[in-house]
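Results of the structural survey
One letter stands for each residue in the lines below.
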Amino acid sequence: MATPDGPPISSTFEGEEKKRYEETSFDAEVASNALRLRGRKLTFSIAFVAGAGFTLFGYDQGVMSALLTAGQVCFFVVAVYVSNESQSLKLFSMYLHAQEIGCLMGALSNLWVGDRLGRRRTIVLGGCIMIIGAILQTTSYSYAQLVVARIFTGIGNGLNTSTVPSYHAELSSAAKRGALICIEGSLITFGWIDFGLFWASGSSAQWRVPIALQIVLALVMVFGIGFLPESPRWLVKQNRNAEAVAVISALENKPPGDAEVQRTYHAIREAVAIEDIVTSSGLGGKQNIKRSPLRKLLVGGRSQHFRRASLGVIIHIYLYYKSMTILFQRLGLSDVTSRLIAAANGTEYFLASIIAIFIIDRIGRRKLMIFGAVGQCITMILLAVLGSVRGTGAQVVSALLLFVFNSFFAIGWLGMTWLYPAEIVGLEIRAPANALSTSSNWIFNFVVVMVTGPSFNNISWGTYIVFAALNALIIPVVYFFFPETAGRSLEDMDVVFALAYNEGVSPVGVSLRKDIPLAGSPEADRILGIETIDGKVDTPRKTS
């Protein structure tokens, strides 16, 4: 029906009614996806499950380090395959480090799997693979089965270590993100059980039981993740916006229409909206171009993806493998004594890592990294000096210095190496960048494991000089190239890098400024250069 003077009545109100209907429908969908767990309970549950995943990782590393000197597993290899213990140690070393191959495969697969499956399903997949691998290792009666099962377990471990930190970071507030993920780092130090089972030297239980216990931790992670929400960042990427708002609302324990909830949601929507828009001066405009994960990592411009991904790779390379039992044996201590001191060192390592939990969000990332590197460098120099001196006194002081080294590492770097790569990169490349950075960790682990033994045999205490040089090198790298991320949301870092690009300055200096607008605000949108698509980003409002 039409009026004599104007357009049809239905046409006059159609746009407004449609908008009101869409907002009401969206609010209803958000309400239908409301979570039972909210606020602190939800935050604790996420930390518990993520912690179980990293306890699993740390436990596996600790157990295998201890089994390197366990006579029973070496006897197993000797009895089945070879006639001398020296050859069995080589075979066992191959078995031990076969996991690095699997971890590398698992981490690299996350370049393509991570964003397709989502954070939760990737973690479940990794956990299930680790359960199967642990079962195969525990029931092994052949060397081939041990090695294949070890590689298979590593694939699951690679998937988890490249996903859990990102998942936890995307579900954490800016104010507490550092402390929460440093808890994961602390749990890597878990591993007293292997010392207790060292005394079961007359039974294969000495190595079967510790390996089987991994299954318990994996089950906790797999079943626990089923009670937790998916990352709101991934949900928005999949256009599941109502679910994302419901998750943000639950995390902040505020109603969906709260201004802070809406700002966070808007910031994520803007990050997703500009993902596949590439500016091409040759074509004179903007085109929608889908890019592969590897191509995304090579992008420059405002996003500075390549630079940000490189920082994640560098920090993971710095996290090199340490077998404390072997290092203590290098000091000339007996097998039992070295194991006992290594176990005590692991306990002290854990206690020292707790310090970082309470100070990382107050002091910031950069200061802690530099503090840790300086302390580690000095400790390694002292170890080199004492290594050139023979005597019981030098052995005792050297053992104490290894405790000191671990304290500096636990405070400055243990949790940082998993936290920083997850928060420095943008949403578009977070999954592939963390896959690449974690892969670099496993590659460098393998390299260090292969060269450390021969290095001690050939240059003895000179090995500590090499470690000291590496620690010294990272200090200027952190100072000049690593931006501060403390107190900023994941989307705020997009603004920091975009502003640095616009002004032609270093992101490090910009990250230390206090005048950076929050992501999701109009000022931040202008810095990101997305004014033209503001109208396309639909941010629902709470209806009255």
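Relevant structure appears above.
Owing to the predicted nature of the structure, the values given are computational and were not obtained by experimental measurement. (Residues numbered from 1 in each chain as written. Predicted model: local features only at pLDDT ≥ 70, side-chain atom pairs only at ≥ 80, totals over all residues. Heavy atoms only, no water.)

Along the chain, the position of Thr379 falls in helix H19 (residues 365–387). For Thr379, a relative accessible area of 3% corresponds to the buried category. The contact partners of Thr379, leaving out residues within four places of it in the chain, are Leu401, Val404, Phe405 and Phe408. (Helix = DSSP H or I, 4+ residues; strand = E, 2+ residues; numbered from the N terminus. Buried < 20%, exposed > 50% of the residue type's maximum accessible area, 1.4 Å probe, protein only. Contact = heavy atoms within 4.5 Å.)

Attention now goes to the nonpolar core. Ranked by size, the top nonpolar core spans 91 residues in total, and within it Ile46, Tyr167, Leu228, Met369, Trp413, Met416 and Val495 carry the most contacts. The leading source of residues in this core is helix H2 (residues 39–67), at nine residues. One finds Met380, Ala384, Leu386 and Leu402 within the second-largest nonpolar core, a separate group that totals 13 residues. (Core = buried A, V, L, I, M, F, W, Y, C linked by side-chain atoms within 4.5 Å.)

Residues Phe44, Phe48, Val209, Leu213, Val216 and Val220 make up a contiguous nonpolar surface patch of roughly 530 Å² in combined accessible area. With respect to the helices, strands and loops of the structure, Val209 is situated in helix H10 (residues 205–212). When its relative accessible area of 34% is taken as the criterion, Val209 is described as partly exposed. (Patch = residues over 30% accessible without salt bridge, like charges linked within 9 Å, V, L, I, M, F, W, Y side chains within 5 Å. Areas by Shrake-Rupley, 256 points an atom, 1.4 Å probe, with all protein chains shown as cover. Salt bridge = Lys/Arg side-chain N within 4 Å of Asp/Glu carboxyl O.)

What follows covers the pattern of salt bridges. Scanning the model with the defined rule gives twelve salt bridges in all. Close ionic contact of Lys237 with Asp115 constitutes a salt bridge, the shortest N to O distance being 3.3 Å. Taken together, the residues Lys237 in helix H12 (residues 232–237) and Asp115 in helix H4 (residues 85–117) connect sequence positions 122 residues apart. Note on accessibility: Lys237 and Asp115 belong to one class, buried. The shortest N-O distance in the salt bridge between Arg365 and Glu423 comes to 2.9 Å. Residue Arg365 is found in helix H19, and its partner Glu423 is found in helix H21 (residues 416–424); the two are separated by 58 residues along the sequence. Grouping residues by exposure puts Arg365 and Glu423 together as buried.

As a packed pair, H19 and H21 sit with axes 12 Å apart at the nearest point and diverge in direction by 145 degrees. Note on packing geometry: the crossing formed by H19 with H21 is left-handed. Here H19 contributes Arg365, Leu368 and Met369 to the contact with H21, which in turn contributes Met416, Leu419, Tyr420 and Glu423. Counted by class, the contact of H19 with H21 contains five nonpolar, no polar and two charged residues. (Axes fitted to C-alpha atoms, helices over the stretch in contact; angles between N-to-C directions. Left-handed = near helix turned anticlockwise from the far one by under 90°. Nonpolar A, V, L, I, M, F, W, Y, C, P; charged D, E, K, R; others polar.)

Okay, unusual backbone geometry next. Its identity is not glycine, yet Asn253 carries a phi of approximately 55 degrees, on the positive side. Its location among the elements puts Asn253 in the loop between helix H13 (241–252) and helix H14 (259–273). Even without a glycine there, the phi angle at Ser460 is positive, about 50 degrees. Turning to its location among the elements, Ser460 is positioned in the loop between helix H22 (430–459) and helix H23 (462–481). Take Ser460: its relative accessible area is 37%, and that puts it in the partly exposed class.

Attention now goes to the packing of aromatic side chains. How two aromatic rings sit relative to each other is set out by the distance from centre to centre and by the angle between their planes. Here the structure, examined in full by the defined rule, presents ten aromatic pairs. With a centroid separation of 5.1 Å and 80 degrees between ring planes, the pair formed by Phe54 and Trp418 is classed as edge-to-face. Placement of the pair is Phe54 in helix H2 and Trp418 in helix H21, with a sequence separation of 364 residues. Per residue, the accessibility class of Phe54 equals that of Trp418, and both read buried. With centroids separated by 5.0 Å and ring planes inclined at 85 degrees, the aromatic side chains of Tyr479 and Phe480 adopt a geometry described as edge-to-face. Among the aromatic side chains, those forming a connected cluster through ring pairs are Phe54, Phe57, Trp418 and Trp442. The cationic tip of Arg208 hangs over the ring face of Tyr141; the distance from NZ or CZ to the ring centre is 4.3 Å. (Phe/Tyr/Trp six-rings, centres within 6.5 Å; stacked < 30°, edge-to-face > 60°. Lys NZ or Arg CZ within 6 Å of the ring centre and 35° of its normal.)

Attention now moves to the environment of Ser166. With respect to the helices, strands and loops of the structure, Ser166 is situated in helix H7 (residues 164–170). Sequence-wise, Ser166 and Ala431 are 265 residues apart; in three dimensions their C-alpha atoms are separated by 7.5 Å.

For helix H8 (residues 177–187), the buried fraction is high: nine of the eleven residues fall into the buried class. Here H8 has its buried residues at Arg177, Gly178, Ala179, Leu180, Ile181, Cys182, Glu184, Gly185 and Ser186.

Let us look at H14. Along its 15 residues, H14 runs 20 Å from first to last C-alpha, staying within 8% of the 21 Å computed at 1.5 Å per residue. Here H14 lies mainly inside the structure; twelve of its 15 residues are buried. For H14, the full list of buried residues reads Val261, Gln262, Arg263, Thr264, Tyr265, His266, Ala267, Ile268, Arg269, Glu270, Ala271 and Val272. With a side-chain oxygen lying 2.9 Å from the backbone nitrogen of Glu260, the N-terminal cap of H14 falls on Asp258. (Expected span 1.5 Å × (residues − 1). Polar contact = N/O pair within 3.5 Å; in protein donor to acceptor, adjacent residues only side chain to side chain.)

Position of Ser511 among the secondary structure elements: in helix H25 (residues 507–511). A polar contact is formed between the side chain of Ser511 and the backbone nitrogen of Glu484, at a distance of 2.9 Å. In this structure, Ser511 is in contact with Pro483, Glu484, Arg488 and Val496, ignoring residues within four places of it in sequence.

The next subject is the packing of H21 against H22. Closest axis-to-axis distance for the H21/H22 pair is 9 Å, and the angle between their directions is 150 degrees. It follows that H21 is roughly antiparallel to H22 by the angle criterion. Our pair here, H21 against H22, has a crossing hand that is right-handed. Touching Trp418, Pro421 and Ala422 of H21 are Arg430, Asn434, Ser437, Thr438 and Asn441, all from H22. Classifying every residue of the contact of H21 with H22 gives three nonpolar, four polar and one charged. (Parallel < 35°, antiparallel > 145°, perpendicular 65-115°, else oblique.)

Take the environment of Asn110 next. Inspection of the secondary structure assignment puts Asn110 in helix H4. A relative accessible area of 2% places Asn110 in the buried class. Here the alpha-carbon distance between Asn110 and Asn434, two residues 324 residues apart in the chain, equals 8.4 Å. Dropping the residues within four chain positions of it, Asn110 is found in contact with Thr122, Leu159, Ser162, Thr163, Ala431 and Ala435. One polar contact links Asn110 to Ser162, side chain to side chain, over a distance of 2.8 Å.

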